[in-house]
Amino acid sequence: MSKRGGALDAIEAAIVVLEDDPAFDAGIGSHLNLDGRVQLDAIVMDGATLKAGAVAAVERIRNPIRLAREILESSEHMMLVGAGAEQFAREQGMALCDPEELILDRERTAWRRCREDQHAAEFHVDHAMGTVGAVAVDSRGAIFAGTSTGGTCCKHAGRVGDSPLIGCGCYADAEAGGVSCTGFGEAIMRIVMAKTAVEFLRTGMTPLETADASVKLLRDRGHGTGGLILLDKNGEPGFAFTTPRMAFGYVAADGNFVIAP
Ligand code: ASP
């Protein structure tokens, strides 16, 4: 049975599926931090109002993107972290989960390896990242972008990367387009990559030129690798990455679903 909804419903639904899929570093199956705990970050942004809802370092939320949406829609604030974010979830009637529910054996093993090998811990060798994101434009011209992550493996407790930060891991502006990023957060933050990409769109660059220019800037000025997906305000897609791979898909103008080879 198909359900109808707008751009916000679309990105929430897409990201919930990805958070629930253990293949990705978001929700269940996220990387563990140095203390062996999962701390999750997520954001959703409305391109019409430029308001975001974001959460960081939550440990008891199964689908952080849902809590980010709750903040977007029901809070005067744009970002809540840790225990305060979980308190807000309870106040909104959302169920909290047992932190253990988010942890997979695969991640415990990777965590042990990372702790034993400083190099792996610092550069995530053999432990690919897997942040998830989505961007949607609907028939009314509403544009939303969202990002959700477990962050980097063996990060310090309380470390927050680019993903939930407005302008870094996500940005949407109905006048230009919407962007969701992945990659080494400390590099992405240096160039405020999602907002930078939206500004590239504003100069008249195509979505593909924008994506390419963004990852080049990430390499040259941020000294890091990463990737991004984006839609311009007309729904035209763009994507680029300098990581070994980045899975992505989009709905083409003819309605067909295109996935990365
Ligand atoms: N950008 C995320 C972070 O630094 C990680 C990733 O995209 O895989 O937290």
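Structure's up top.
Structural notes, computed from the coordinates.

About the criteria used
Residues numbered from 1 in each chain as written. Predicted model: local features only at pLDDT ≥ 70, side-chain atom pairs only at ≥ 80, totals over all residues. Heavy atoms only, no water. Core = buried A, V, L, I, M, F, W, Y, C linked by side-chain atoms within 4.5 Å. Buried < 20%, exposed > 50% of the residue type's maximum accessible area, 1.4 Å probe, protein only. Helix = DSSP H or I, 4+ residues; strand = E, 2+ residues; numbered from the N terminus. Contact = heavy atoms within 4.5 Å. Phe/Tyr/Trp six-rings, centres within 6.5 Å; stacked < 30°, edge-to-face > 60°. 1 Å grid on protein atoms, 1.4 Å probe; cavity = no way out; pocket = protein on both sides within 12 Å on 5 of 7 lines; lining within 4 Å. Points joined across faces, edges and corners; volume = space filled by probe spheres on them. Nonpolar A, V, L, I, M, F, W, Y, C, P; charged D, E, K, R; others polar. Near = heavy atom within 4 Å. Polar contact = N/O pair within 3.5 Å; in protein donor to acceptor, adjacent residues only side chain to side chain. Areas by Shrake-Rupley, 256 points an atom, 1.4 Å probe, with all protein chains shown as cover. Sits in = over half its atoms within 2 Å of the grid points. Pairing = 2+ DSSP bridges. Axes fitted to C-alpha atoms, helices over the stretch in contact; angles between N-to-C directions. Patch = residues over 30% accessible without salt bridge, like charges linked within 9 Å, V, L, I, M, F, W, Y side chains within 5 Å. Salt bridge = Lys/Arg side-chain N within 4 Å of Asp/Glu carboxyl O.

1. Examining the nonpolar core
Grouped together as the largest cluster of nonpolar side chains are 36 residues, with contacts concentrated most on Val44, Val55, Leu67 and Phe144. Every element with two or more residues in this core is listed here: α1 (7-20), β1 (40-46), β2 (52-58), α2 (64-74), α3 (82-91), α4 (105-116) and β4 (132-137). Excluding residues within four positions of it along the chain, valine 44 makes contact with Leu8, Ile11, Lys51, Ala52, Gly53, Ile65, Ala68, Arg69, Leu72, Phe144, Ala145 and Gly146. The next biggest cluster of nonpolar side chains, apart from the first, holds 27 residues, and it includes Ala54, Cys170, Leu230 and Ala240.

2. Some details on the packing of aromatic side chains
Counting across every chain of the model gives two aromatic pairs. Geometrically, the ring pair formed by phenylalanine 239 and tyrosine 250 is stacked, given 5.7 Å between the ring centres and 25° between the ring planes. Pair noted here: phenylalanine 239 is in strand β9 (residues 237-241) and tyrosine 250 is in strand β10 (residues 249-251), with a separation of eleven residues, a long-range link. Taking the relative accessible area as the measure of exposure, phenylalanine 239 reaches 23% and is therefore partly exposed. By relative accessible area, which is 23% here, tyrosine 250 ends up partly exposed. Ring pairs connect the aromatic residues Phe239, Phe248 and Tyr250, which therefore count as one cluster.

3. Details of empty space enclosed by the protein
The rolling of a water-molecule-sized probe over the atoms marks out the regions of remaining empty space. Evaluated as defined, the whole model comprises one cavity of 30 Å³ or more. There is about 90 Å³ of room inside the largest cavity. Every residue lining the largest cavity is counted, 13 residues in all, and those nearest its centre are Thr131, Thr149, Gly151, Ser163 and Gly183. In terms of residue count, strand β7 (residues 177-183) provides more of the lining of the largest cavity than any other element does, three residues in total. Across the lining of the largest cavity, the residue classes break down as two nonpolar, eight polar and three charged.

4. Digging into the site of the ligand
With respect to spatial proximity, eleven residues lie near the ligand, and among them Thr131, Arg159, Asp162, Thr182 and Gly183 are the closest. Note that a nitrogen atom of the ligand is positioned 2.6 Å from one of the side-chain N or O atoms of aspartate 162. Separating an oxygen atom of the ligand from a side-chain N or O atom of threonine 182 is a distance of 2.7 Å. Relative to its free-state accessible area of 270 Å², the ligand is covered by the protein chains to the extent of 100%. One can see that the ligand is located within the largest cavity. Classifying every residue of the shell around the ligand by side-chain character gives one nonpolar, eight polar and two charged.

5. Describing the environment of isoleucine 103
Tracing the chain through its elements places isoleucine 103 in the loop between α3 and α4. Put simply, isoleucine 103 and isoleucine 65 are 38 residues apart on the chain and 18 Å apart in space, counted from C-alpha to C-alpha. In this structure isoleucine 103 touches Leu32, Gly36, Val38 and Arg108, once residues within four positions along its chain are discounted.

6. Topic: the sheet that holds β2
Here five strands make up an open sheet; going across it, the order is β3-β2-β1-β5-β4 and the pairing mixed. Since the sheet does not close on itself, it has two edges, and those belong to β3 (79-81) and β4, each with one partner. Strand-to-strand, the axes of this sheet are offset by a mean angle of 5°, without reference to chain direction. Strand direction decides the pairing type here: β1 and β2, joined by five bridges, are antiparallel. Bridging from a neighbouring strand, valine 44 pairs with glycine 53 of β2. Along the sheet, α1 makes contact with β1, β4 and β5 (143-149), crossing β4 at roughly 160°.

7. With respect to the sheet that holds β9
Strands in a sheet are paired, the pairing made by backbone hydrogen bonds, and the direction either parallel or antiparallel. In spatial order, the strands read β6-β7-β8-β9; together these four strands make up an open sheet with antiparallel pairing. The sheet is open, and its two borders are formed by β6 (170-173) and β9, each paired with just one other strand. Averaged over all adjacent pairs, the angle separating strand axes in this sheet is 10°, with direction ignored. Bridge count between β6 and β7: four bridges; the pairing is antiparallel. When the bridges of β7 are listed, tyrosine 171 appears paired with valine 179. Packed onto the sheet, helix α7 (residues 193-202) meets β6, β7 and β8 (226-232) and runs at close to 140° relative to β7. Each of β8 and β9 is contacted by helix α8 (residues 207-220), which is oriented at about 25° to β9, the strand it contacts most.

8. Looking at a nonpolar patch on the surface
A cluster of nonpolar side chains, contributed by Met78, Met79, Val81 and Ile166, occupies part of the molecular surface with about 310 Å² of accessible area. Looking at where isoleucine 166 falls in the secondary structure, it is placed in the loop between β5 and β6.

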